[in-house]
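Letter by letter, the chains look like this.
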Amino acid sequence: KEGYAENLTQPFRVLVYTGIDGPDAQETLTQLARLRAYRPDIHITTVGKHPIFSEADHHIPCDPDEPPHLTSNAIRAYDLNSRAPIDCGLDFTEDGSGGKLLANAGLYCVRSRHGKWMSKPTQNAFNESGSRSIATFLTSLGLDDAE
């Protein structure tokens, strides 16, 4: 929000579950850039199969074929060993496959595009627009479109 950046005291730490998205996942790439533009102090950590997102400050590898608790434990360990806690967990997958993973890692502010982790504003935005895109998801959480 306007005027907020002058009062920042620590980075805004966001963890984004990207699932199996790879270099051809244009919407994920675009929306990670949008997150980066949202706040000058943002610290983005991605969790997923491919560590290919240049907007990320850190990546936690995740193999969807392995038991999900391994990824949840890796996220929890990363959070506990960081200088500041993760502020927000976002599940960018359309099927909501990261919601449970992130919740099991102790991120109670998980927001998803599907299932019980979907925020009410996201539900409303999806119903109004008919779009289930990541862009609509981020808009529903109060992020304006980045130019």
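This write-up is about the structure you can find in this document. (Residues numbered from 1 in each chain as written. Predicted model: local features only at pLDDT ≥ 70, side-chain atom pairs only at ≥ 80, totals over all residues. Heavy atoms only, no water.)

### Regarding the nonpolar core
To keep it simple, the criterion reads: In these notes, a set of buried Ala, Val, Leu, Ile, Met, Phe, Trp, Tyr and Cys residues joined through side-chain atoms within 4.5 Å is what counts as a nonpolar core. For every residue, the accessible area (1.4 Å probe, protein chains only) is compared with the maximum for its type, and the residue is labelled buried under 20%, exposed over 50%, or partly exposed between those bounds. Under the DSSP-based scheme used, a helix requires at least four consecutive residues in state H or I and a strand at least two consecutive residues in state E, with every element numbered from the N terminus. Contact criterion: two residues are considered in contact whenever any of their non-hydrogen atoms come within 4.5 Å of each other.
Val14, Val16, Leu35, Leu90, Phe92 and Leu138 are the most contacted members of the largest nonpolar core, which has 17 residues in total. Breaking this core down by element, the ones donating at least two residues are strand S1 (12-19), helix H1 (26-38), strand S2 (42-48), strand S4 (88-91) and helix H5 (134-140). Ignoring sequence-local partners within four residues, the contact set of Phe92 consists of Val16, Tyr17, Thr28, Gln31, Leu32, Leu35, Arg113, Ile134, Phe137 and Leu138. Cys62, Ile75, Tyr78 and Ala105 belong to the second-largest nonpolar core, a separate cluster that totals 13 residues.

### Re the side chain of Thr18
Take Thr18: it is sitting in strand S1. Judged by relative accessible area, which is 1%, Thr18 ranks as buried. Leave out the neighbours within four places in its chain, and Thr18 touches Thr28, Thr46, Val47, Gly48, Phe53 and Thr93.

### Observations concerning the sheet that holds S4
Heads up, the condition is: When DSSP finds at least two bridges between two strands, those strands are taken to pair.
The sheet built from five strands is open, its strands ordered S3-S2-S1-S4-S5 with parallel pairing. Edge positions in the sheet fall to strand S3 (58-61) and strand S5 (111-112), since each has one partner strand and no second. Of the strand pairs in this sheet, S2 and S3 are connected by four bridges, and their pairing is parallel. Within S3, the residue paired with Thr45 across the bridge is His58.

### Some details on helix H4 (residues 120-129)
Within an α-helix, residues lying three or four positions from one another point in the same direction, as the helix has 3.6 residues per turn. Convention followed: In this description, the arc belongs to the directions extending from the helix axis to the C-beta atoms.
Considered for burial, the residues of H4 that qualify are Thr122, Ala125 and Phe126. For H4, the angular spread of buried residues about the axis comes to 100°, placing them on one side. Every exposed residue of H4 that faces more than 90 degrees away from the buried side is listed here: Lys120, Asn127 and Glu128. On its buried side, H4 packs onto S5 and H5. One or two positions beyond H4, positive phi appears at Gly130, with a value near 75°.

### Points about the side chain of Arg13
As a reminder of what qualifies: Neither His nor the chain ends is counted toward charge; the positive residues are Lys and Arg and the negative residues Asp and Glu. Salt bridge, as used here, is a side-chain nitrogen of Lys or Arg placed within 4 Å of a carboxyl oxygen of Asp or Glu.
Residue position: Arg13 is located in strand S1. Buried charged residue Arg13 carries no salt bridge. Nearest counter-charge: Asp79, at 5.3 Å. Sequence-distant contacts of Arg13, that is, excluding residues within four places in its chain, are made with His43, Tyr78, Ser82, Ala84, Pro85, Ile86, Asp87 and Cys88.

### Some details on the pattern of salt bridges
Per the stated rule, a full pass over the model turns up three salt bridges. Put simply, Glu55 and Arg36 hold a salt bridge, and the shortest N to O gap is 3.3 Å. Note that Glu55 is positioned in the loop between S2 and S3 and Arg36 in helix H1, a separation of 19 residues in sequence. Residue classification places Glu55 among the partly exposed positions, given a relative accessible area of 22%. According to the relative accessible area criterion, Arg36 is partly exposed, its value standing at 24%. In this structure, a network of salt bridges that share partners links the residues Arg36, Glu55 and Asp57.

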